[in-house]
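Listed here are the chains, written in short residue letters.
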Amino acid sequence: VISCHPPLLEKTINSSQDKGCELILIDTPPHNFTAAANAIRTSDFVVIPVRPSSFDLVAASSTIDLVKANTAKAG
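As the structure is a computational prediction, the values presented were derived from the model and not from experiment.

Rules behind the numbers
Residues numbered from 1 in each chain as written. Predicted model: local features only at pLDDT ≥ 70, side-chain atom pairs only at ≥ 80, totals over all residues. Heavy atoms only, no water. Helix = DSSP H or I, 4+ residues; strand = E, 2+ residues; numbered from the N terminus. Buried < 20%, exposed > 50% of the residue type's maximum accessible area, 1.4 Å probe, protein only. Contact = heavy atoms within 4.5 Å. Core = buried A, V, L, I, M, F, W, Y, C linked by side-chain atoms within 4.5 Å. Salt bridge = Lys/Arg side-chain N within 4 Å of Asp/Glu carboxyl O. Axes fitted to C-alpha atoms, helices over the stretch in contact; angles between N-to-C directions. Left-handed = near helix turned anticlockwise from the far one by under 90°. Nonpolar A, V, L, I, M, F, W, Y, C, P; charged D, E, K, R; others polar. Parallel < 35°, antiparallel > 145°, perpendicular 65-115°, else oblique.

A. The arrangement of the side chain of Ser16 in detail. If you trace the backbone, Ser16 turns up in helix α1 (residues 9–18). Classification of Ser16 as buried rests on a relative accessible area of 12%. Not counting residues within four places of it along the chain, the set of residues in contact with Ser16 comprises Ile2, Cys21 and Ile24.

Written as structure tokens, this is what we have:
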């Protein structure tokens, strides 16, 4: 487990790959636009976990907008 600040995410991923890491899972806190944007930009696929509640569905819409803006694959 490696913790890093959102602006350092790409550098941290590259460093991990240089050390032989083949699979990287990025978990961002909810409602952190900067962390989510950085994670989406550096990801091959974005998983958006959503509970079936009004609050979670509304919160997921901003993440979906980020995914669309970055033309990322998601589900």
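B. Structural view of the nonpolar core. If you look at the biggest cluster of nonpolar residues, it comprises 8 residues: Ala36, Ala37, Ile40, Val46, Ile48, Ala60, Leu66 and Val67. Secondary-structure elements contributing two or more residues to this core are α2 (33–42) and α3 (54–69). Here Ala60 is in contact with Ile48 and Val50, once residues within four sequence places are set aside.

C. Up close: the pattern of salt bridges. Under the criterion given, the structure shown has 1 salt bridge. Ionic pairing is found between Arg51 and Asp56, a salt bridge with its closest N-O pair at 3.2 Å.

D. Molecular detail of α2. Restricting attention to buried positions, one finds in α2 the residues Ala35, Ala36, Ala37, Asn38, Ala39 and Ile40. Where α2 is buried, its residues touch α1 and α3.

E. How the structure looks around the packing of α2 against α3. One can describe the packing of α2 onto α3 by two numbers: an axis separation of 10 Å at closest approach and a directional angle of 35 degrees. Considering the relative orientation of α2 and α3, their crossing is right-handed. Of the residues in α3, those touching α2 at Phe33, Ala36, Ala37 and Ile40 are Thr63, Leu66 and Val67. Of the residues belonging to the contact of α2 with α3, the class tally is 6 nonpolar, 1 polar and no charged.

F. Seen up close, the packing of α1 against α2. One can describe the packing of α1 onto α2 by two numbers: an axis separation of 9 Å at closest approach and a directional angle of 40 degrees. When the axis of α1 is compared with that of α2, the two are oblique. Crossing of α1 against α2: the hand is right-handed. Contacts between α1 and α2 involve Leu9, Glu10 and Ile13 on the former and, on the latter, Asn38, Ala39 and Thr42. Taken together, the residues of the contact of α1 with α2 sort by class into 3 nonpolar, 2 polar and 1 charged.

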